[in-house]
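Residue strings, one per chain:
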Amino acid sequence: MSIANKADYQNFTLLSYHHIPSVHHLEIFEEAGGYEMMKKCFTLDPEKIKEEVKNSGLRGRGGAGFPTGVKWGFFSKDRNQRKYLLCNADESEPGTFKDRYLLEINPHILVEGMIISAFALGTQRGYIYIRGEFYEQAMILEKAVKDAYKRGYLGKNILGSGFDFELVVHRGAGAYICGEETGLISSLEGQKGRPKLKPPFPAIKGYRGLPTIVNNVETLAAVPWIMRCGAAAYKKWGTEKSPGTKLFSISGDVNRPGVFELPLGIPLIEVIEKHCEGVREGNKLKAVIPGGSSAPIFTAEIAKEVRMDYEDIAQKGSMLGSGAIIVLDETRSIPDILKWTLEFYHHESCGQCTPCREGTGWMEKIFKRAEQGEGKLSDIELLDKVAFNMRGRTICALSDAAAMPTQGIIKAFRGELESYIKIQMKNR
Ligand SMILES: Cc1cc2nc3c(=O)[nH]c(=O)nc-3n(C[C@H](O)[C@H](O)[C@H](O)COP(=O)(O)O)c2cc1C
Ligand code: SF4
């Protein structure tokens, strides 16, 4: 898998150890300076750590981009209360493969990030909920956790600091909905992975009804660097409202797909042309999905103008999401993209909410009818209406995640959808 060239990424945060062979071994990670920041943090006031993370402006990398320091601020400060830190390693959004990559090469960066975060938050127990299909990564992570225990970095009275932290790796079973934080909590509790209504948010009432912070792998892995180099250094990258660097998973029709750590705010076209070495076979760019399958699609024209930060993407009608960039060249069929998207969300809906359960099914049916040549042009309006009625009315955001890309495709590629329906009718 490709990464931005060495000179670039060595200066960055998350991939800064990736050039070191076998850095997944504890000794090698330590030789490179790993766990030093953890030791230093045990001598600091936990409130100072939280303050530094808040000042860095780090935003959650799981999709919503919620400021991490603000989320941590909602958490109980009582260090004697039982509470939890959960790491979301479910990485279920189609197009996203950055967490898996990070864990595979450097699992200790997450373990160190979790220990520092747990110390700051005063939690004594943590879980890493990892996607069921990530067998290899789960094995690497389990070994890393085991080695950290042996070295005295986990468990009781860590390095004589008086701080206890027990960390468990828990494997999921491969349901998209278990990436949603309350679905993840239900699954970890041994129930069906069904989301729960918010509020109360997990920070107040989460795992086993107790205060729980849920953060993405990339979010927690950024903490040691922020503590080592400081909030001000972190903010040198990115924009005022989207500071720092981000891991982008880039797939589709580019010459050099892979995971790249790049500053937020970078122009999308620079990502494609410079880091991914252009559209494959010299083809023309047709469209880009900028933030995973839930993000509305951009036409090539918009893709050439947009900057990869939370604000600019939102202002142009989509979202940064998990940072999964899917590049589509002129040979791609937009109706195919819509079909796969609709099939996926219908399959993954947990079925608790009527707009999501029925809406995802109806949208798929409407599309499949058109595919069979039995559609009408007015089906585009019908799809748009169904999608509209699925938004903002459900327990979790999966319903919106299915509706938004559908409406995005209708808005950006209506002409191609109309031609498709007509051609299918003719070929019937
Ligand atoms: C349907 C759905 C799927 C999600 N999947 C993931 C996921 O795979 N990984 C993840 O970290 N967050 C995922 N999220 C976001 C989580 O609910 C949660 O916001 C995130 O883990 C919080 O961590 P952060 O603040 O570090 O981003 C998903 C959300 C929804 C609505
Ligand atoms: S929106 Fe969909 S996935 Fe989320 S709880 Fe409701 S039915 Fe389940």
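Note: the structure precedes this text.
No experiment lies behind these values; they were computed from the predicted model shown.

What counts, and where the lines are drawn
Residues numbered from 1 in each chain as written. Chains lettered and ligands numbered in written order. Predicted model: local features only at pLDDT ≥ 70, side-chain atom pairs only at ≥ 80, totals over all residues. Helix = DSSP H or I, 4+ residues; strand = E, 2+ residues; numbered from the N terminus. Rg over C-alpha atoms; globule rule 2.2 N^0.38 Å. Contact = placed C-beta atoms within 7 Å. Near = placed C-beta within 6 Å. Nonpolar A, V, L, I, M, F, W, Y, C, P; charged D, E, K, R; others polar. Buried ≥ 20, exposed ≤ 12 C-beta atoms within 10 Å, placed from the backbone. Arc of directions from axis to C-beta. Expected span 1.5 Å × (residues − 1).

Draft legend 1. View of the overall build of the protein. Along its length, the protein carries 19 helices and 9 strands. Taken over the C-alpha trace, the protein has a radius of gyration of 22 Å; the compact-globule value for 428 residues is 22 Å, and the two agree within 12%. With the C-alpha coordinates aligned to their principal axes, the bounding extent of the protein is approximately 75 × 45 × 35 Å. Within the protein, residue pairs in contact and separated by at least 24 positions form 69% of the contacts whose partners lie at least 6 positions apart.

Draft legend 2. Structural view of the site of ligand 2. Of all residues adjacent to ligand 2, which total 14 residues, the nearest are Cys-350, Cys-353, Cys-356, Thr-394 and Cys-396. Of all elements in the fold, only helix 17 (354-371) and helix 19 (398-426) reach the threshold of two or more residues within the shell around ligand 2. Class assignment for the residues of the shell around ligand 2 results in 8 nonpolar, 5 polar and 1 charged.

Draft legend 3. Region of interest: helix 13 (residues 268-275). Residues of helix 13 that are buried: Leu-268, Val-271, Ile-272 and His-275. End-on, the buried residues of helix 13 take up no more than an arc of 120°, which puts them together on one face. Buried residues in helix 13 make contact with strand 5 (245-252), strand 6 (258-263), strand 7 (285-289), helix 14 (300-303) and strand 9 (324-329).

Draft legend 4. Geometry of unusual backbone geometry. Between Lys-198 and the following residue, Pro-199, the backbone shows a cis peptide bond with an omega angle of -10°. In this fold, Pro-199 is placed in the loop between helix 9 (181-188) and strand 4 (212-216). Residues Pro-199 and Pro-200 are joined by a peptide bond in cis, for which omega reads 5°. Mapped onto the secondary structure, Pro-200 falls in the loop between helix 9 and strand 4. At Leu-159, a residue that is not glycine, the phi angle is positive and equals roughly 50°.

Draft legend 5. Quick look at helix 16 (residues 334-348). The end-to-end C-alpha separation of helix 16 is 21 Å, in line with the 21 Å expected for 15 residues at 1.5 Å each. All buried positions along helix 16 are accounted for by Pro-335, Leu-338, Thr-341, Leu-342 and Tyr-345. The buried residues of helix 16 occupy an angular sector of 125° when projected down its axis, which confines them to one face. Turned more than 90 degrees from where helix 16 packs its buried face, Asp-336, Trp-340 and His-347 sit exposed. On its buried side, helix 16 packs onto helix 17 and helix 19.

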